[in-house]
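# Working through the structure, step by step
So you can see what is in the structure, the chains are spelled out below.
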Amino acid sequence: LGTATNNEASTVCDPCAPGSYSSIEGALQCKLCPAGTALDKTGSETINDCADCPLGSVAENAGSAVCSLCGPGSYSDVAPGSGILAENCKLCPAGSFSAVEGATSASVCTLCAVGTFNNEDGQVDCLLCPAGTYGDEEGLLECKAAPAGYFLPDEGATSSVNLQPCPLGTYSDVEGLAECLNCV
């Protein structure tokens, strides 16, 4: 028990490596702990030695010796003993971010502040709205474009109040300009 020969012709059994076990005497190979569990000792004899990953961590592959903390921009809210195995971290949704490692719930995902956005899941920060746009709400996936006839010269604008009309001798016939174009 807790060993395997790894070779039919061999009479010598080696202890099962971390992440594996053998509950059968004379086994040819050890069985891997399932994904979502880990086992850090050698010579284990039962699947019960494979421990569920704690909150905030996962084991993506079968045969893991240790669970890995979820990285920033993600979390794992799977509780040990829940009957669900923590195989993958869940990503914070687009429009939010998290810089926390080993997060245990979606509550760590913070909405992007006004004047910022992000349009991808699993981000560690938000980006400033580019010049020519503004963000007047939290949690934006994209910033709103300055309408034609107006411009926004600065990044991170937070309101349509920041819109500036094109001065005399210039124009803007498209949305999202950082500066108006000169009349010819």
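Going along each chain's sequence as written, the residues are numbered from 1 onward. Local features are withheld for residues below a pLDDT of 70 in this predicted model, meaning they are given only at 70 or higher, and side-chain atom pairs are given and counted only at 80 or more; totals for whole chains, interfaces and linings count all residues. As a rule here, side-chain values come from all non-hydrogen atoms in the structure, and water together with hydrogens is ignored.

## Concerning the overall build of the chain
Helix and strand counts for the chain come out as zero helices and 20 strands. For every residue, the accessible area obtained with a 1.4 Å probe (protein chains only) is divided by the maximum for its type, and the residue is called buried under 20%, exposed over 50%, and partly exposed between those limits. In the chain, which comprises 184 residues, the proportion classed as buried is 34%. Elements are defined by DSSP. Helices are runs of H or I of four residues or more, strands are runs of E of two residues or more, and each kind is numbered from the N terminus.

## Here's the deal with the environment of Glu120
Relative to the elements of secondary structure, Glu120 occurs in the loop between strand S13 (116-117) and strand S14 (127-128). A relative accessible area of 48% places Glu120 in the partly exposed class. Along the sequence, Glu120 and Val78 sit 42 residues apart, while their C-alpha atoms lie 23 Å from each other.

## Concerning the state of the cysteines
What makes a disulfide is a covalent bond joining the sulfur atoms belonging to two cysteines. Disulfides are defined as pairs of cysteine sulfur atoms found within 2.5 Å of each other. Counting across every chain of the model gives eight disulfides. Through a disulfide, Cys16 is tied to Cys30; the S-S separation comes to 2.1 Å. Around the S-S axis, the bridge from Cys16 to Cys30 shows a dihedral of about -85° and counts as left-handed. Of this pair, Cys16 sits in the loop between strand S2 (14-15) and strand S3 (20-21) while Cys30 sits in the loop between S3 and strand S4 (31-32), placing them 14 residues apart in sequence. Across the disulfide from Cys112 sits Cys126; the S-S distance is 2.0 Å. One disulfide, between Cys112 and Cys126, carries an S-S torsion of -75° and so falls in the left-handed class. Separated by 14 residues along the polypeptide, Cys112 in the loop between strand S12 (110-111) and S13 and Cys126 in the loop between S13 and S14 bring together distant segments of the chain. Residue Cys112 is classed as buried on the basis of its relative accessible area of 0%. Here Cys13 is not cross-linked by a disulfide; its sulfur's nearest cysteine counterpart is in Cys30, at 9.1 Å. Judged by relative accessible area, which is 34%, Cys13 ranks as partly exposed. With no disulfide of its own, Cys183 lies closest to Cys166 among cysteine sulfurs, the gap being 8.7 Å.

## Focus on the pattern of salt bridges
The rule for a salt bridge is simple: a side-chain nitrogen of Lys or Arg has to be within 4 Å of a carboxyl oxygen of Asp or Glu. Applying the stated criterion to the full structure yields three salt bridges. The residue Asp136 makes a salt bridge to Lys144 at a minimum N-O spacing of 2.6 Å. Judged by its relative accessible area of 33%, Asp136 falls in the partly exposed class. One salt bridge connects Lys144 with Glu137, and the closest N-O pair in it is separated by 2.8 Å. Assessed through its relative accessible area of 28%, Lys144 is described here as partly exposed. Note on Glu137: relative accessible area 39%, which makes it partly exposed.

## Remarks on the environment of Cys70
On the secondary structure map, Cys70 appears in the loop between strand S8 (68-69) and strand S9 (74-75). Residues Cys70 and Asp125, spaced 55 residues apart in sequence, show a C-alpha to C-alpha distance of 16 Å.

## Points about the nonpolar core
Among the nonpolar cores identified, the biggest contains six residues, and these are Cys53, Val58, Ala59, Cys70, Val78 and Ala86. Should any heavy atoms of two residues lie within 4.5 Å, those residues are considered in contact. Among all residues touching Cys53, those that are not within four sequence positions of it are Gly36, Thr37, Val58, Ala59, Cys67, Val78, Pro80 and Ala86. With five residues, the next largest nonpolar core counts Tyr134, Ala146, Leu152 and Ala157 among its residues. To define a nonpolar core, start from buried Ala, Val, Leu, Ile, Met, Phe, Trp, Tyr and Cys residues and group those joined through side-chain atoms within 4.5 Å.

## Remarks on the side chain of Thr133
Examined against the element boundaries, Thr133 turns out to sit in strand S15 (residues 133-134). Exposure remark for Thr133: the relative accessible area of 12% places this residue in the buried category. Among the polar contacts made by the side chain of Thr133, one reaches the main-chain carbonyl oxygen of Pro130 at a distance of 2.6 Å. What Thr133 contacts, discounting residues up to four positions off in sequence, is Cys143, Lys144, Ala145, Ala146, Leu152 and Ala157. Counting of polar contacts relies on pairs of N or O atoms within 3.5 Å, with two restrictions inside protein: one atom must be capable of donating a hydrogen and the other of accepting it, and residues adjacent in sequence are counted only when both atoms are side-chain atoms.

## Thoughts on the environment of Glu137
Along the chain, Glu137 falls in the loop between S15 and strand S16 (144-145). With sequence-adjacent residues up to four places away left out, Glu137 is seen in contact with Ala113, Val114 and Lys144.

Keep in mind these numbers describe shape, not what the thing actually does.
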